[in-house]
Amino acid sequence: MILYNTIVGYKKEGVVMKYTLLLLTVGTIIFFVTTSVCATTIERIEKTDEEWKAILTPDQYVITRKKGTEPPFSGAYWNLHEKGTYVCVCCGAVIFSSKEKFDSGSGWPSFWATVKDAPIATKLDSSFGMERTEVLCARCDAHLGHLFSDGPPPTGMRYCINSAALNFIAEEE
C-alpha cells in the first residue's frame, strides 16, 4: 500500500535537493523509496532583519521571519476560492496554485501540492513539544507553515500555510 508520494527539499548553499519519496507499507514493515533526485540552483534573497521589517507588515514579519502562526480562520486566504497563484510574501516566489487548494477545515489555506519546481524547503520543527515538518521558502528562508500527511488524494499531503506568508495573484480571465 502506498501512503504518500511527496517532494521533500532542503537547501544547502543555494542548491535545493528535491527527492520524490514513496512511503510503502507491507504488513507492519515500512519502506522509504527514493525514486528520483535532482539539484537546482536558486537565486537566494537575503536581507537583514531591519530590511525585512521595512517591507513587511508587523504580522508578516512575525510569521515569516520569527516563525509565528496566525490564529485559525483569521487570515485573508483560508476561505478564498478564486483562481490564481500564491506567492511568497517576502520574495515573490511562486509556491502554490488555487488548483491544488482544498478546504481542510483547519482555518488556514491548505494545499495538497506545490506548483512544479516551487522553491520549497522543509525541516523538522520540534517546537511546542511536538514534531512537525516546517515549510520554508528556499529563496528567502521565510517560514510559510507546516506539512502534514493527512491531506486528500492524490498526494495525501496537507501544506497548512499562513495567509500572512502569501500574496495572492488572481488569474486573468
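Residues numbered from 1 in each chain as written. Predicted model: local features only at pLDDT ≥ 70, side-chain atom pairs only at ≥ 80, totals over all residues. Heavy atoms only, no water.

**Re the sheet that holds strand β6 (residues 101–102)**
Note the following rule: Strand pairing is assigned whenever DSSP detects at least two bridges linking the two strands. Working definition: helices are DSSP H or I runs of at least four residues, strands are E runs of at least two. Numbering for both runs from the N terminus.
Strand order across the open sheet formed by six strands is β6-β7-β11-β10-β9-β8, with antiparallel pairing between neighbours. Edge positions in the sheet fall to β6 and β8 (120–125), since each of these pairs with one other strand and no more. Sheet topology note: the strand β9 (residues 132–137)/strand β10 (residues 143–148) ladder contains four bridges and is antiparallel. Residue pairing across strands places valine 135 opposite glycine 145, the latter belonging to β10.

**Remarks on the environment of threonine 114**
Formally: Contacts are assigned to residue pairs with any non-hydrogen atoms lying within 4.5 Å of each other.
Here threonine 114 is to be found in the loop between β7 (110–111) and β8. Along the sequence, threonine 114 and tyrosine 86 sit 28 residues apart, while their C-alpha atoms lie 9.7 Å from each other. Not counting the four nearest positions on each side in its chain, threonine 114 is found in contact with Ile95, Phe96, Ile120 and Tyr159.

**Considerations on the environment of phenylalanine 148**
Using the following cut-off: We call a residue buried when its accessible area falls under 20% of the maximum for its residue type, exposed when it is over 50%, and partly exposed in between, using a 1.4 Å probe and counting protein chains only.
Note that phenylalanine 148 resides in strand β10. Taking the relative accessible area as the measure of exposure, phenylalanine 148 reaches 25% and is therefore partly exposed. Distance in space between the C-alpha atoms of phenylalanine 148 and cysteine 160 is 7.5 Å, their sequence separation being twelve residues. If we skip the residues at most four places from it in the chain, phenylalanine 148 touches Arg132, Gly156, Met157, Arg158 and Cys160.

**Concerning helix α2 (residues 58–65)**
Along an α-helix, residues three or four positions apart point the same way, because every turn accommodates 3.6 residues. Within α2 the residues assigned to the buried category are Gln60, Tyr61, Ile63, Thr64 and Arg65. Just beyond α2, the residue with positive phi is lysine 67, at close to 65°.

**Here's the deal with the confidence of the model for the protein**
Low pLDDT means the predicted atomic positions in that stretch should not be read closely. Filter applied, for reference: Scored from 0 to 100, pLDDT reflects the predictor's confidence in each residue.
This prediction gives the protein a mean pLDDT of 84; 77% of its residues lie at or above 70. Within the model, pLDDT remains below 50 along residues 1–38, and this stretch shows 91 contacts once partners closer than five positions in the same chain are excluded.

**Here we look at unusual backbone geometry**
Geometrically, the link from proline 153 to proline 154 is a cis peptide bond, its omega value of 10° lying close to zero. Topologically, proline 154 is positioned in the loop between β10 and β11 (158–161). In this model, lysine 67 sits at a positive phi of 65°, which is unusual for a non-glycine residue. Among the structural elements, lysine 67 can be located in the loop between α2 and β4 (84–88).

**Overview of the nonpolar core**
To keep things clear, this is the line we draw: To define a nonpolar core, start from buried Ala, Val, Leu, Ile, Met, Phe, Trp, Tyr and Cys residues and group those joined through side-chain atoms within 4.5 Å.
With 32 residues, the main nonpolar core has Cys88, Cys140 and Leu144 as its most contacted residues. Of all the elements in the fold, those that place two or more residues in this core are α2, β4, β5 (94–97), β9, β10, β11 and β12 (166–170). Beyond its immediate sequence surroundings of up to four residues, leucine 144 is in contact with Ile95, Ile120, Val135, Leu136, Cys137, Cys160, Ile161, Asn162 and Ala165.

**Topic: the pairing of β11**
Burial of the side chains of β11 extends over both faces: Arg158 and Cys160 are buried on one face and Tyr159 and Ile161 on the other. In this sheet, β11 lies alongside β7 in antiparallel orientation, the contact comprising two bridges. Bridging across to β11, phenylalanine 111 finds its partner in tyrosine 159. When β10 meets β11, the two strands line up antiparallel, connected through four bridges. Considered in β11, the bridge of phenylalanine 148 is made with arginine 158.

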